[in-house]
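Geometric and topological summary
For reference, the chains in residue letters:
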There are 2 protein chains.
Amino acid sequence: MKIDDLIRRPSAWLAASNGTETEIVISSRIRVARNVRDAAFPGWAGDDETIRLFRRLRDALGTVSKLRDGVFWDISALEDLDRHLLRERHLISSELAIKKSGSGVAVSSDETVAVMVNEEDHLRLQIMRPGLDLLAMWKVADRLDSEIEALIPFAFSPRLGFLTACPTNVGTGLRASVMLHLPALRLLNEMEPVSKGLDKIGLAVRGLFGEGTEASGNMFQISNQSTLGESEKAIIQRLLQVVAELIEHEQNARHRLMEGAADRLRDHIGRALGVLNYAHLLPSAEALDSLSGLRLGAETGLLRGVESAMVNDVVMMTQPAHLQKLSAKLLDAVERDRYRARLIRQKLGVVSMV
Amino acid sequence: MKIDDLIRRPSAWLAASNGTETEIVISSRIRVARNVRDAAFPGWAGDDETIRLFRRLRDALGTVSKLRDGVFWDISALEDLDRHLLRERHLISSELAIKKSGSGVAVSSDETVAVMVNEEDHLRLQIMRPGLDLLAMWKVADRLDSEIEALIPFAFSPRLGFLTACPTNVGTGLRASVMLHLPALRLLNEMEPVSKGLDKIGLAVRGLFGEGTEASGNMFQISNQSTLGESEKAIIQRLLQVVAELIEHEQNARHRLMEGAADRLRDHIGRALGVLNYAHLLPSAEALDSLSGLRLGAETGLLRGVESAMVNDVVMMTQPAHLQKLSAKLLDAVERDRYRARLIRQKLGVVSMV
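Please read these numbers as outputs of a predicted model, since none were measured by experiment.

**Observations concerning the pattern of salt bridges**
All names here are of chain A. Considering all chains together, one arrives at 38 salt bridges over all chains under this definition. Here R271 and D267 are joined by a salt bridge, their closest N and O atoms 3.0 Å apart. Taken as a pair, R271 and D267 lie in helix α10 (residues 262–278) at a separation of four residues, close to a single helical turn. Given the relative accessible area of 11%, D267 is considered buried.

**A look at the nonpolar core**
In terms of nonpolar packing, the biggest core is built from 166 residues, with I30, L180 and L294 of chain A together with I30, L180 and L294 of chain B touching the most fellow members. When neighbours within four sequence positions are excluded, L294 of chain B is seen to be in contact with A272, L273, L276, L303, V306, V311, L348 and V351 of chain B.

**Thoughts on the relation of the copies chain A and chain B**
Rotating chain A by 180° about the axis while translating it 0.0 Å along that axis superimposes it on chain B, leaving an RMSD of 0.0 Å. Here the symmetry operator amounts to a two-fold rotation axis. Taking C-alpha positions as the reference, the residue of chain A nearest the rotation axis is G274 of chain A, at 2.0 Å. Here 100% of the interface residues in chain A have copies in chain B that are interface residues too; the copies meet face to matching face.

**So, the confidence of the model for chain A**
When pLDDT drops low, the exact placement of atoms in the prediction is not to be read closely. When pLDDT is averaged along chain A, the result is 92; 95% of the residues meet or exceed 70. Under the prediction, the complex receives an ipTM of 0.84, its pTM being 0.88.

**Observations concerning the sheet that holds strand β4 (residues 113–117) of chain A**
Hydrogen bonding along the main chain pairs the strands of a sheet, whether they run parallel or antiparallel. All names here are of chain A. Strands sit in the order β2-β3-β4-β5-β1-β8-β10-β9 across an open sheet of eight strands; the sheet is antiparallel. Both edges of this open sheet fall to β2 (71–74) and β9 (203–206), since each of them pairs with a single strand only. Averaged over neighbouring strand pairs, the angle between their axes works out to 20° when direction is ignored. Where strand β1 (residues 25–34) and strand β5 (residues 123–129) come together, seven bridges link them in antiparallel fashion.

**A closer look at the packing of aromatic side chains**
Residue and element names in this part refer to chain A. A full pass over the atoms with the stated rule returns nine aromatic pairs over all chains. Of the aromatic side chains, those joined through ring pairs into one cluster are F154, F156 and F162. Its guanidinium or amino end placed over the ring of F162, R34 lies 3.5 Å from that ring's centre, counting from NZ or CZ.

**Digging into the pairing of β5 of chain A**
All names here are of chain A. With six of its seven residues buried, β5 lies for the most part within the structure. Looking at chain direction, β4 and β5 are connected through five bridges and run antiparallel. In the sheet register, M116 faces β5, and the bridge partner there is R124. Counted between consecutive antiparallel strands, the loop separating β4 from β5 contains five residues, among which N118 sits at a positive phi close to 55°.

**Some thoughts on the side chain of S93 of chain A**
Residues and elements named next belong to chain A. Note that S93 resides in the loop between α4 (80–88) and α5 (94–97). You can call S93 buried: its relative accessible area is 15%. Residues within four places of S93 in sequence aside, it is in contact with R87, M116 and E119.

**As for the interface of chain A and chain B**
Of the residues lining the interface, 19 residues belong to chain A; the matching set on chain B comes to 19 residues. Contact between chain A and chain B buries roughly 1,600 Å² in total, counting both sides, with carbon and sulfur atoms accounting for 54%. Looking at the side of chain A facing chain B, the largest losses of area belong to R271, Y278 and H280 of chain A, adding up to 43% of the total buried there. Our enumeration of links across chain A and chain B arrives at four salt bridges. A salt bridge links E286 of chain B to R271 of chain A; the shortest N-O distance between them is 2.6 Å. If you look at where chain A meets chain B, you find 14 residue pairs in polar contact (both at pLDDT 80 or more). At 11 residues, the largest contribution of residues to the side of chain A that touches chain B is made by α10 of chain A. A per-class count over the side of chain A that touches chain B returns eight nonpolar, four polar and seven charged.

**A short note on a positive patch on the surface**
Residues and elements named next belong to chain A. A cluster of basic residues, K66, K139, R143 and K233, forms a positive patch at the surface. Its place among the elements puts K139 in helix α6 (residues 134–151). When its relative accessible area of 51% is taken as the criterion, K139 is described as exposed.

**Considering the domain arrangement of chain A**
Residues and elements named next belong to chain A. Split into domains, chain A comes out as domain 1 (3–253) and domain 2 (261–353). The interface of domain 1 with domain 2 comprises 28 residues on the first partner and 22 residues on the second. The contact between domain 1 and domain 2 buries some 2,200 Å² in all, and 63% of this surface belongs to carbon and sulfur atoms. Our enumeration of links across domain 1 and domain 2 arrives at two salt bridges. Notably, a salt bridge pairs D4 with K325, separated by 2.6 Å at the nearest N-O pair.

What counts and what doesn't
Residues numbered from 1 in each chain as written. Chains lettered and ligands numbered in written order. Predicted model: local features only at pLDDT ≥ 70, side-chain atom pairs only at ≥ 80, totals over all residues. Heavy atoms only, no water. Salt bridge = Lys/Arg side-chain N within 4 Å of Asp/Glu carboxyl O. Helix = DSSP H or I, 4+ residues; strand = E, 2+ residues; numbered from the N terminus. Buried < 20%, exposed > 50% of the residue type's maximum accessible area, 1.4 Å probe, protein only. Core = buried A, V, L, I, M, F, W, Y, C linked by side-chain atoms within 4.5 Å. Contact = heavy atoms within 4.5 Å. Least-squares fit on C-alpha atoms with pLDDT ≥ 70 in both. pLDDT = per-residue confidence, 0-100. Pairing = 2+ DSSP bridges. Axes fitted to C-alpha atoms, helices over the stretch in contact; angles between N-to-C directions. Phe/Tyr/Trp six-rings, centres within 6.5 Å; stacked < 30°, edge-to-face > 60°. Lys NZ or Arg CZ within 6 Å of the ring centre and 35° of its normal. Buried area = accessible area lost by both parts, 1.4 Å probe. Polar contact = N/O pair within 3.5 Å; in protein donor to acceptor, adjacent residues only side chain to side chain. Nonpolar A, V, L, I, M, F, W, Y, C, P; charged D, E, K, R; others polar. Patch = residues over 30% accessible without salt bridge, like charges linked within 9 Å, V, L, I, M, F, W, Y side chains within 5 Å. Areas by Shrake-Rupley, 256 points an atom, 1.4 Å probe, with all protein chains shown as cover. Lys, Arg positive; Asp, Glu negative; His and termini not counted. Charge placed at Lys NZ, Arg CZ, Asp CG, Glu CD. Domains from an automatic or database assignment.

Shown next as structure tokens:
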């Protein structure tokens, strides 16, 4: 698998899925932080130690069942554009993308499993899938974790659990998160109180690319903040319960818009379609917001000729690095805005209002 | 002629006209202020005197050649909506529209001649036409002026000229103005220096509805500020010369956009079309700005299925009072925005980008 092959297909974790639940749920993610016993955390290790550990982990990952048919990318061997591409596909973090040497990522052939080496921790295991099947995903993560641990002993404290570079990850090392598309709550200005409420019960609300990012395109990532004092299953079940409530809340907001503010809803969706159909210079943030309107239009039945999965695909493909890969050359910001607008006009020419 | 009949046809002064000059020139206007000799100005006259003069002027206007086949509206007899309608058609001023009694307007059957009675002055003669034929229009105004003066002597000082309620109109009492559509200069941020330059040479730049109004829809009204010390022809010729330069300046800006910033131009025009085609709640100012983009698209050949005259008509018909007349009922702001959006979608469904 070459990086250039990635852009020829949608990510499996963004694939179409059925049911109203998964209209609002874009994808779910399990992330587990692990470190090698008796080795300095990446931020503290010297260059030689980092490289030695990097090779050891890379070789080990090459043998585990989920990754055997996949690929391992040494970050230092990648050009900037390729690093951005992996980031845009959520296969690596922003932090890993800027590493100099001794860092990398193992990715399964379907992109649903990725293990970063020498990011903030020695290992960051990640499972990503469409829908909301976090418990099944935890089983996959748990098995992967066990397979790796059989090859490489992890830093573990009987009192604290798994040890991590940052104390916020100590214990289970688990971050379970769900990416939700909540345009109706946003349109009705109800996201701010929701975010505050979630914060109070120990859940974080973040944007499309996690910590410190904006909720572009009305996509919100909900995740557990605490990793200590609860089992993995308990953490996941609590998250699932809250997500179920959020989904209901969003569905309720959509109904309220359709019943009581149909014009406002049609105006919102129509204007989004207008921008996507007619703009010739389309910045990334505006594209995401307009694609959010398009998705809402597809899901409320106000638009024909478009489905959520198609919107997912366009969201992915019109990111800066993806655009440059598609056009096979480096593009400056204005050139990207122009190319993004053109691609979107071509893709969405068939969409119309009901 | 009933007020309700007005909305069934475009104003003659907004009719289609040919030539690139009149793509940029929307319309021209001659306004002449006159007062009756030995009578107090409207602001100073008592109620009885106002009513007496009103009747005398109304009867006199009914006999002059340009107005004989027209209509006279007593403003106090009109409902608010009708007053707004006359205002939107530029037949009366905002000041006249709120008068209580003793004020009115005589309008020729083709709406190109209107004479307001007891506005700021006893008489305000107005000629409006498409294009830029101010000298011919001045002849019409001059003849109308003479016909009225033969019936009613005007306040005139051999030293100052015609006397008016406000000293800024003393002398000729003439305000010649041209409504220009200058979207390219606005897009290139060149209107502010232009406005400043015009101010320095004694010309005023105003918005769609004259003094104190915004330049909505990139329409700018250029007029003489001084009415004293120059003949009417000299005032008009100086205005015409500057307008010719402005037209060239705008044409030049359009060429620069088409040659050097084609994407920006297409983006501007495309987004305007997107809003007009897809919005379901469309406020007045946004509609004007978008219709400006549409007009520019028609005139640069980037849009097909639309002509400037059609845009003029839509601009006129989607004003608040016109909308309410069309729908035959009073509409609140949201209802107007909804109806405006619907009318525009219907009218412009055939427009597309080249």
